[in-house]
Amino acid sequence: MEIDTDPWLEPTAAIPASDPSELAGTIRVSALHALAYCPRLFYLEEVEELYVQDAAVFAGRKLHEELAEVAEGEWVELTLESEALGLRGKLDALRSRDGQLIPYEHKRGRCRRGPSKQPEAWPSDRLQLLAYACLLEAALNVQVQEGRIRYHAENVLVRVPIDPAGRAEVAAAIAQARELRRSTQRPPVTDNDRLCARCSLAPVCLPEEARLVHDRGWEPVRLFPADDDREVVHVLEAGTRVGRKGEQLKLTQRDNAVNLLPVERVGQVVLHSYSQISTQALHFCHDRAIGVHFVSGGGRYMGGFDYRAGSIQRRVRQYCALSDPNTSLQLARKLVIAKTKSQRQFLMRVRRTRSAVLPLVDSAIIQMKPLIDRLERAESLAGLLGFEGKIAALYFSALPSLLVETVPPELQFSDRNRRPPRDRFNCLLGFGYGLLLKDITNALIAIGLEPALGFYHQPRSQAPPLALDLMELFRLPLVELLVLASVNRGMWQPEEDFAICTVGRGKAQQQVQQVWLSDEGRRKFIQLYERRKQDVWKHPVTGYSLTYRRLFELEARLLEKEWSGEPGLFAAWSVR
Ligand code: SF4
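1. Here's the deal with the packing of aromatic side chains
Thinking step 1. In this structure the tally under the stated criterion is 11 aromatic pairs.
Thinking step 2. Ring geometry for phenylalanine 413 versus phenylalanine 425: centroids 4.6 Å apart, planes at 35°, classification tilted. With a gap of 12 residues between them, phenylalanine 413 in the loop between helix 13 (381–398) and helix 14 (424–447) and phenylalanine 425 in helix 14 connect regions that are remote in the sequence.
Thinking step 3. Owing to a relative accessible area of 1%, phenylalanine 425 belongs among the buried residues under this scheme.
Thinking step 4. Between tryptophan 492 and phenylalanine 498, the aromatic rings sit 6.1 Å apart at their centres with planes inclined by 55°, giving tilted as the arrangement. With respect to burial, tryptophan 492 and phenylalanine 498 carry one shared label: buried.
Thinking step 5. Three or more aromatic residues joined by ring pairs form one cluster here, namely Phe474, Trp537, Tyr548, Phe552 and Trp573.
Thinking step 6. Against the face of phenylalanine 498 rests arginine 424, its NZ or CZ located 5.7 Å from the ring centre.

What follows is the structure, given as structure tokens:
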């Protein structure tokens, strides 16, 4: 290959050398591409380290693999790095024509059409090519005069002149990228909402929801996926081993029966009781962002494997925000108001559908109202807790009246008792809350928040306070409604579905009954719970529909927006 050695015409002189402290991280050319597309996209990827492998990204890679196979006789996939420029990247192809070096980029999509309908490069593609030209010039000490971009959807070739103005654009982009890297503030969403519709990070960035924050008349388009069809694999049989086989998870039961699960179908692995997972499978799940969680035989959530996505920046913002008592109090107030309104509205809804006299329900509805009104004026977390406790006592005192006459005495509910559950109804509630806590913790880990730092619950047990906070929104729709409906429909067998034991407690060894779900009962509950998570629900604030299992993540992301410059949408709904 010939290399033109024409004199160097100050091609990259405008680009300042990097600060030595920043050299450890040269900027990827593809990151400059993201920056030109949208500064917020650059920030989410480069600073917060969030990536989404969507279909377009995979399709782009496939195109490059195919080109690498056919482009014989030329330099393809050329890796370039310059510490002086603070840039690095992999150029698709480099060709020599008439003594000139010409960098090539290949794009899967269509080109831009200007006012004259002539093919043009998109600004982000153009900047990317200019940056590669600067890297080539620095590496080979040549002047590059032109670069080319082929848009494969239309088989159009666009020529991009490499001139001083273009080199200055690269310099300015590098300076902007460095500044954004140092910032702890996420840039605002782009004004051009058409860019968001094609952006792979839209489900993370939530641009439509951010626009709604600033303009309450905005009608968001749903860019957040309505459902997650990946399975939650519950490993219930003690002694089952979870391992890895190629791109599959391998479940081996005690009798050596094997079940192979393709990894793309799995969203979580939940190990109940004494099932096991290999180190290889743990690494595999970590790399594929698959949640791994442990639940005791009694249904207590023991914890999860932390595959947390995103950089420390998100947690720094969380620590800063939640260290402020006022922020914590405001968030807690919103949360408790949303939760208690849901409880009262649920009782009112049942009241409308039943003709029977239900004095406890009527009384709870009446007494809850002034207490909920006073939540707005609670001046401390302790005060809030006090009101919430009184409202919860009224709500639970009304629940027994909601059970139908056909419910057998064993499944009746008298009052709320916690671990260990002393009756079947509380056993069902406790098991459900454990599964819910797991799912909320999974959502928090998935988006890179610290579950151990909350704004309302205090660290007392091993349960992560932020997950306990967030799950308050979902206790009623996901667990309490499910338990009430399934008990009223006669879906539980008092003997087969439960295991009862009596133990001595305290110095006097007072005999206390403990009730747990049997293996069959756990299987049945998990089936009902997973089905409930798939129910579609229209979010009253954003106005679009999604499943509960997606709502966990959406609400966690809206919570994070409360301290990331786009507040106002978290806990803004209640069950109607
Ligand atoms: S979704 Fe829109 S605002 Fe968000 S990063 Fe992408 S282009 Fe930028």
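2. Remarks on the site of the ligand
Thinking step 1. Taken together, Tyr37, Cys38, Leu41, Val189, Thr190, Cys196, Cys199, Ala202, Cys205 and Pro207 make up the full set of residues near the ligand.
Thinking step 2. Considering only residue class, the shell around the ligand consists of nine nonpolar, one polar and no charged.

3. Comments concerning the sheet that holds strand 15 (residues 291–295)
Strand pairing in a sheet relies on backbone hydrogen bonds. The paired strands run either parallel or antiparallel.
Thinking step 1. The four strands lie next to each other as 9-13-15-16, forming an open sheet whose pairing is mixed. The strands lining the two open edges of the sheet, one partner per strand, are strand 9 (231–235) and strand 16 (301–305). If you compare each strand with its neighbour and ignore which way they point, the axes differ by 20° on average.
Thinking step 2. Both strand 13 (residues 266–272) and strand 15 contribute to a ladder of five bridges, which runs parallel. Bridge pairing in strand 15 places valine 270 opposite histidine 293.
Thinking step 3. Of the strands in this sheet, strand 9, strand 13, strand 15 and strand 16 are in contact with helix 14, which crosses strand 13 at around 135°.

4. Quick word on the domain arrangement of the chain
When the parts come together, some accessible area is lost, and that loss is often what is quoted as the size of the interface.
Thinking step 1. In terms of domains, the chain is made up of domain 1 (20–189), domain 2 (231–295) and domain 3 (312–562).
Thinking step 2. Taking only C-alpha atoms into account, the centre of domain 1 sits 50 Å from that of domain 3.
Thinking step 3. With eight residues of domain 1 at the interface, the matching set in domain 3 holds five residues.
Thinking step 4. Both faces combined, the contact of domain 1 with domain 3 buries some 570 Å², and carbon together with sulfur accounts for 37% of it.
Thinking step 5. Contact with domain 3 buries area across many residues of domain 1, yet Glu48, Thr184 and Arg186 alone supply 59% of it, more than any other trio.
Thinking step 6. If you look at where domain 1 meets domain 3, you find three salt bridges.
Thinking step 7. With a closest N to O distance of 2.9 Å, glutamate 560 and arginine 186 form a salt bridge.
Thinking step 8. Looking at the side of domain 1 that touches domain 3 residue by residue, the class counts come to three nonpolar, two polar and three charged.

5. Some points on helix 16 (residues 475–488)
Thinking step 1. In this model, helix 16 (14 residues) spans 18 Å end to end at C-alpha, consistent with the 20 Å of a helix rising 1.5 Å per residue.
Thinking step 2. Along helix 16, the helix axis deviates most sharply at leucine 481, where the bend reaches about 30°.
Thinking step 3. When you tally the buried positions in helix 16, you get 12 out of 14 residues, the bulk of the element.
Thinking step 4. Of the positions making up helix 16, those classed as buried are Arg475, Leu476, Pro477, Leu478, Val479, Glu480, Leu481, Leu482, Val483, Leu484, Ser486 and Val487.
Thinking step 5. Along its buried surface, helix 16 packs onto helix 11 (325–353), helix 13, helix 14, helix 15 (465–471), helix 17 (519–533) and helix 18 (548–562).
Thinking step 6. Two residues or fewer after helix 16 comes glycine 490, characterised by a positive phi angle close to 70°.

6. A few points about the environment of glutamate 237
Thinking step 1. Along the polypeptide, glutamate 237 turns up in the loop between strand 9 and strand 10 (241–245).
Thinking step 2. Considering only alpha carbons, one finds glutamate 237 and lysine 107, 130 residues apart in sequence, at a separation of 50 Å.
Thinking step 3. Beyond its immediate chain neighbours, meaning those up to four positions away, glutamate 237 contacts Gln253, Ser275 and Arg523.
Thinking step 4. Here the side chain of glutamate 237 touches arginine 523 through a polar contact of 3.2 Å, side chain to side chain.

Analysis parameters
Residues numbered from 1 in each chain as written. Predicted model: local features only at pLDDT ≥ 70, side-chain atom pairs only at ≥ 80, totals over all residues. Heavy atoms only, no water. Phe/Tyr/Trp six-rings, centres within 6.5 Å; stacked < 30°, edge-to-face > 60°. Helix = DSSP H or I, 4+ residues; strand = E, 2+ residues; numbered from the N terminus. Buried < 20%, exposed > 50% of the residue type's maximum accessible area, 1.4 Å probe, protein only. Lys NZ or Arg CZ within 6 Å of the ring centre and 35° of its normal. Near = heavy atom within 4 Å. Nonpolar A, V, L, I, M, F, W, Y, C, P; charged D, E, K, R; others polar. Pairing = 2+ DSSP bridges. Axes fitted to C-alpha atoms, helices over the stretch in contact; angles between N-to-C directions. Contact = heavy atoms within 4.5 Å. Domains from an automatic or database assignment. Buried area = accessible area lost by both parts, 1.4 Å probe. Salt bridge = Lys/Arg side-chain N within 4 Å of Asp/Glu carboxyl O. Expected span 1.5 Å × (residues − 1). Bend = angle between axes of the 7 residues up to and from the residue. Polar contact = N/O pair within 3.5 Å; in protein donor to acceptor, adjacent residues only side chain to side chain.

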